[in-house]
Amino acid sequence: MEEKIKQVAQWIVQAKRTVVFSGAGLSTESGIPDFRSPGGVWDRYNPEDFYFQNFLASEASREKYWQMATEMYEPMKKAQPNPAHLAIAEMERLGKLDCVITQNIDGLHLKAGNSEEKVIQLHGTAMSVSCLNCRKRYDREEIQDRIRKGVKVPYCDDCGGPLKPATISFGQSMPERETEEAYHRSSSSDLFMVIGSSLVVQPAASMPLVAKRNGARLVIINRDPTPYDHMADLVLHGQAGPIMASILEEVKKALGGLD
Ligand code: NAD
């Protein structure tokens, strides 16, 4: 593991455009469960309850959605960035990060100190709410306050349309600008680091392929094996927090040595 950590650090130092691609596994050490691990979200909820067409279908299903969304939001709001988020934010400060493409909706990259223009939130954010009719955005807290006061399904103040957290549900189309930007950054990266993703959710999981086909080095840091491990230049199986903290330490040593 030590050799691999040194190797990744060296690649970060050499790279001109390092893209970090993060998934739910990056935030488990911050206390936010991922979807597929034991004890994860799929152990407690039925994936169908998150389908976009079900949200649209009836008031009863919207009520159920908001109940689940509220249950997931409260711990997410309190969560703090862990050493992996902090290491990625430090990469930006060191000028060693092109961007973060994240599947996460928890806002922890921003909380850790990455700037907004460096973070592409492919699946949206749970920290905002939007009207499905007129697209008006609301701060999530404002809407949760209404729910705390007894509202079961919130509706838009302006047009009366249904409000939904600004996240991308199954069956909902991907945000055009973010998706395009993510493909563009993936294809022009020279080092692509997957951190904490099972790489099974499309189209996000195709981005490491795009990067690799365009000549990037591919590094996968994940606790469990992924379907793309065989094509990676380096795979590190373990906890993202300690691994990223060690990589960053090596990067700093190497950069210090260059002064
Ligand atoms: P996933 O649940 O499919 O996979 C998570 C992967 O992370 C697993 O392969 C697991 O082995 C690995 N993992 C778990 N803890 C880890 C750790 N500490 N260090 C390293 N690896 C670890 O997650 P996904 O690939 O991101 O895709 C699922 C979807 O779930 C995404 O679309 C995302 O939007 C959504 N989601 C987001 C959050 C969040 O915002 N924090 C939480 C749950 C789900």
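Residues numbered from 1 in each chain as written. Predicted model: local features only at pLDDT ≥ 70, side-chain atom pairs only at ≥ 80, totals over all residues. Heavy atoms only, no water.

Undergrad: Would you take a moment to explain the packing of aromatic side chains for this structure?
TA: Each aromatic ring pair is characterised by the separation of its centres together with the angle its planes make. This structure, assessed with the given rule, holds 4 aromatic pairs. Each ring, one from Phe 50 and one from Tyr 65, has its centre 6.1 Å from the other, and the planes form 75 degrees; the classification is edge-to-face. Of this pair, Phe 50 sits in the loop between α2 (41-44) and α3 (52-57) while Tyr 65 sits in helix α4 (residues 59-78), and the two are 15 residues apart along the sequence. Tyr 65 gets classed as buried once you look at its relative accessible area, which sits at 4%. Ring-pair connections join several aromatic residues into one group, and the members of that group are Phe 50, Phe 55 and Tyr 65. (Phe/Tyr/Trp six-rings, centres within 6.5 Å; stacked < 30°, edge-to-face > 60°. Helix = DSSP H or I, 4+ residues; strand = E, 2+ residues; numbered from the N terminus. Buried < 20%, exposed > 50% of the residue type's maximum accessible area, 1.4 Å probe, protein only.)

Undergrad: Sorry if this is basic, but what is going on with the domain arrangement of the protein chain here?
TA: With domains assigned, the protein chain is organised as domain 1 (1-31 + 81-123 + 174-259) and domain 2 (33-78 + 124-167). Placing the centre of domain 1 and that of domain 2 at their C-alpha centroids yields a distance of 28 Å. If you look at the interface, domain 1 gives 15 residues, while domain 2 gives 13 residues. Of the roughly 980 Å² buried between domain 1 and domain 2 on both sides combined, carbon and sulfur atoms contribute 51%. Contact with domain 2 buries surface across domain 1, with Ile 105, Asp 106 and His 123 losing the most and accounting together for 39% of the total. Counting across the interface, domain 1 meets domain 2 through 0 salt bridges. Split into classes, the residues belonging to the side of domain 1 that touches domain 2 amount to 5 nonpolar, 7 polar and 3 charged. (Domains from an automatic or database assignment. Contact = heavy atoms within 4.5 Å. Buried area = accessible area lost by both parts, 1.4 Å probe. Salt bridge = Lys/Arg side-chain N within 4 Å of Asp/Glu carboxyl O. Nonpolar A, V, L, I, M, F, W, Y, C, P; charged D, E, K, R; others polar.)

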